[in-house]
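Structural overview for review
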Amino acid sequence: MSIERKDEHDHGAWLAERDLSLIEKTYLMTLIWLDKRFRIVDYLELMEDMYYKVNLQMPKSHTEQYNLDNKFWYWYPLYALGSFSVIAYIVAAVSGALLGFYYAPSTAGEGDPEAYLQIVAIMKDLNFGFMLRSIHRWSAQVMTAAVFLHMLRVYFTGAYKEPREINWLIGIILLSLTMVFGYTGYLLPWNQLAFWAGQIGVEMAIAVPIVGEWTAQLLFGGFSLGQPTLQRMYILHVFILPFVVTALIALHIGIVWMQGIAEPH
Amino acid sequence: MSDNETDPQTDGSGPGIVAPDDEVPTWRERKERTTGLSRLTYEYFERARREDQNLRQESSYVERDVLGFPAWPHETIRNLALASFFTGMLLFLSAMLPPHLGDPANPAVTPSVILPDWYLYWSFGLLHLDPLNPELAIAGGEKIMSDELYGVLANVAVVTAIAIVPFLNKGGARRPVEEPFWGAVGVGGVVFAFTISIIPIQEMFPFPVDITFDLAFLLPIIGATIAYAVLKTMREGYMYDLNKRYYRLRPPR
């Protein structure tokens, strides 16, 4: 008699007595192998729950509910603008992360500033770099446009009405932050557009009484443009805004999920 | 095997968990015993739940048995297809229209036209509202606020006006035809966003600067009036008949 404990759940024997195809057998073996190590069975209930949630029957879309199939082109396509801005945001985030590998926020250098030269290097020397910058720029433009149009759709279909005021306010904040995102972004190449747009920003900040000069110090690093400005725009653009905006987008969509898409057209 | 049944089981059955006896309070009892804010919260939620339930029961809105497409695969694959198509369009756009990189920053050379990126034109236009800044000669003939501050405040005013819309416009109307006034306000706002954007470049237009400035405020009003008339007509006319069924079908609030 062997000292080894008897296997009460002899999976091998159980497998052998069943007539399984190769795929089924491979799948089961993998599952058993993983289960022995990770106790997947313990999570089975969770997985089952998830399965049924995913396969839930969705409620009738409003075109179905109100029999508006023949009026599909009236408003319905505009209901995709929110998702389009999210997709453009994701594309911008991915391409922006890649651009970040090659960019340095520096105004140093004889003649042309370092940041500008980096952008030139990205566009001329880096494989696929021109396309990368193009993707980032265009996804940002498209996101801004989609966000504006999304707001118009929400306005003209009355989707901001009663239980949805909070989401309208979050939307206003997101719209403003999108523009700040764009603003901090197009300042980064440190070209003429960037410099003079930055000048407008500084002047706007200084014009405000009491808090204005403090704001100019905080956001632009002084009253005239230079290395501190670029540094701060860079930190805002790649470190602060992404977290804030992503969290707000999640909240925005979470509320839409909770309250449902506003009816109908 | 009888021994095995008394052993703790991995699925949570067996004697591992102490069975509740009569002295253990239920969750309902526990909640009812609480005091203060938590008691209030509980009572409110109970009331709200009951109210919701009553509303549902009184409603004449019929929920159907077959409600729509399942999330998987129908909705998911449709959404993936739309997302891929949209991303593809983005990449196509990027490949076809590469971005322009202007001259490097040079504080010594002021460009002839200073503008931000296109989505800030409206904001930049609001900074150029100096002619509207009232000159009140209280403190030695100086303006009460600087033109720059006036422009910044105009920005704040516009954003605030947009933000308070849901607190002014109540009710269940969902279409411009149903509320011509608010539809007209929206059209006026969109036209204003365009006309205010051309104020910073008003010198580039072939007629006097004053006229461009006045048009920036007149055109939105004209646009809003036209929109109001059109929406009124539509509401009185065929659109209303066309949508009667839709109005009848709307579930009661």
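Here's a quick rundown of the structure. (Residues numbered from 1 in each chain as written. Chains lettered and ligands numbered in written order. Predicted model: local features only at pLDDT ≥ 70, side-chain atom pairs only at ≥ 80, totals over all residues. Heavy atoms only, no water.)

Some remarks on the overall build of chain A
How we decide: To qualify as a helix, a DSSP run of H or I must reach at least 4 residues; to qualify as a strand, a run of E must reach at least 2; elements of each kind are numbered from the N terminus. Note on exposure labels: buried denotes an accessible area under 20% of the residue type's maximum, exposed denotes more than 50%, and partly exposed covers the range between, all computed with a 1.4 Å probe on protein chains only. Whether two residues are in contact is decided by their heavy atoms, any of which lying within 4.5 Å being enough. Here, Shrake-Rupley sampling with a 1.4 Å probe gives the accessible areas, and only protein chains in the shown set may cover a residue.
Helix and strand counts for chain A stand at 11 helices and 0 strands. Evaluated residue by residue, chain A yields a buried proportion of 42% over its 265 residues. The long-range fraction of contacts in chain A, counting pairs at least 24 apart against all pairs at least 6 apart in sequence, stands at 63%. Total accessible area computed for chain A in this model is approximately 15,600 Å², and 67% of it derives from carbon and sulfur atoms.

Structural notes on the packing of aromatic side chains
As a reminder, the rule being used: Two rings from Phe, Tyr or Trp (for Trp, the six-membered ring) form a pair when their centres sit within 6.5 Å of each other. Planes less than 30 degrees apart are called stacked, planes more than 60 degrees apart edge-to-face, and all others tilted. Any Lys NZ or Arg CZ found within 6 Å of a ring centre and within 35 degrees of that ring's normal is scored as a charge over the ring.
Evaluation of the coordinates by the stated rule reveals 16 aromatic pairs over all chains. Between Trp 118 of chain B and Tyr 119 of chain B, the ring centres sit 5.2 Å apart and the planes meet at 80°, which makes this aromatic pair edge-to-face. Arranged with centres 6.2 Å apart and planes meeting at 35°, the rings of Phe 205 of chain B and Phe 207 of chain B form a pair that is tilted. Residue class for Phe 205 of chain B comes out partly exposed when judged on its relative accessible area of 28%. In textbook terms, an aromatic cluster arises when at least three aromatic residues are bridged by ring pairs, as seen for Tyr 155, Phe 156, Tyr 160 and Trp 168 of chain A. Over the face of the ring belonging to Trp 33 of chain A we find Arg 37 of chain A, whose NZ or CZ atom lies 3.9 Å from the ring centre.

What about the environment of Leu 120 of chain B?
For Leu 120 of chain B, the position within the fold is in the loop between helix H4 (71–96) and helix H5 (121–126). Expressed as a C-alpha distance, the spacing of Leu 120 of chain B and Pro 98 of chain B, which sit 22 residues apart in the sequence, is 21 Å. In this view, Leu 120 of chain B contacts Met 179, Tyr 183 and Tyr 186 of chain A; residues no more than four positions away in its chain are not counted.

Overview of empty space enclosed by the protein
Selection rule: Both cavities and pockets are sets of points on a 1 Å grid over the protein atoms alone; in a cavity a 1.4 Å probe fits but cannot get out, in a pocket the set is open with protein on both sides within 12 Å along at least five of seven lines, and lining residues sit with an atom within 4 Å of a point. Grid points are joined across faces, edges and corners, and a volume is the space filled by probe spheres set on the points. The classification used treats Ala, Val, Leu, Ile, Met, Phe, Trp, Tyr, Cys and Pro as nonpolar, Asp, Glu, Lys and Arg as charged, and all other residues, Gly among them, as polar.
Here the structure, examined in full by the defined rule, presents 1 cavity of 30 Å³ or more. Within this model, the largest cavity holds a volume of roughly 80 Å³. In terms of lining residues, the largest cavity is bounded by 14 residues, among which Tyr 155 and Phe 156 of chain A together with Arg 175, Glu 179 and Trp 182 of chain B are the most central. Going through the elements one at a time, helix H7 (129–156) of chain A together with helix H8 (180–197) of chain B are the ones with two or more residues in the lining of the largest cavity. Broken down by class, the residue content of the lining of the largest cavity amounts to 6 nonpolar, 4 polar and 4 charged.

Section: the pattern of salt bridges
Counted only if it meets this: A carboxyl oxygen of Asp or Glu within 4 Å of a side-chain nitrogen of Lys or Arg is what we treat as a salt bridge.
The final tally for this structure, using the stated rule, is 3 salt bridges over all chains. Glu 179 of chain B is the partner of Lys 161 of chain A in a salt bridge, and the nearest nitrogen-oxygen pair spans 3.1 Å. One end of the pair, Lys 161 of chain A, is in the loop between H7 and helix H8 (165–187); the other, Glu 179 of chain B, is in the loop between helix H7 (165–168) and H8, on a second chain. Two residues, Glu 165 of chain A and Lys 170 of chain B, come together in a salt bridge whose shortest N-O distance is 3.7 Å. A residue pair is termed interchain when its members come from two chains, as with Glu 165 of chain A in helix H8 and Lys 170 of chain B in the loop between H7 and H8. Residue class for Lys 170 of chain B comes out partly exposed when judged on its relative accessible area of 40%.

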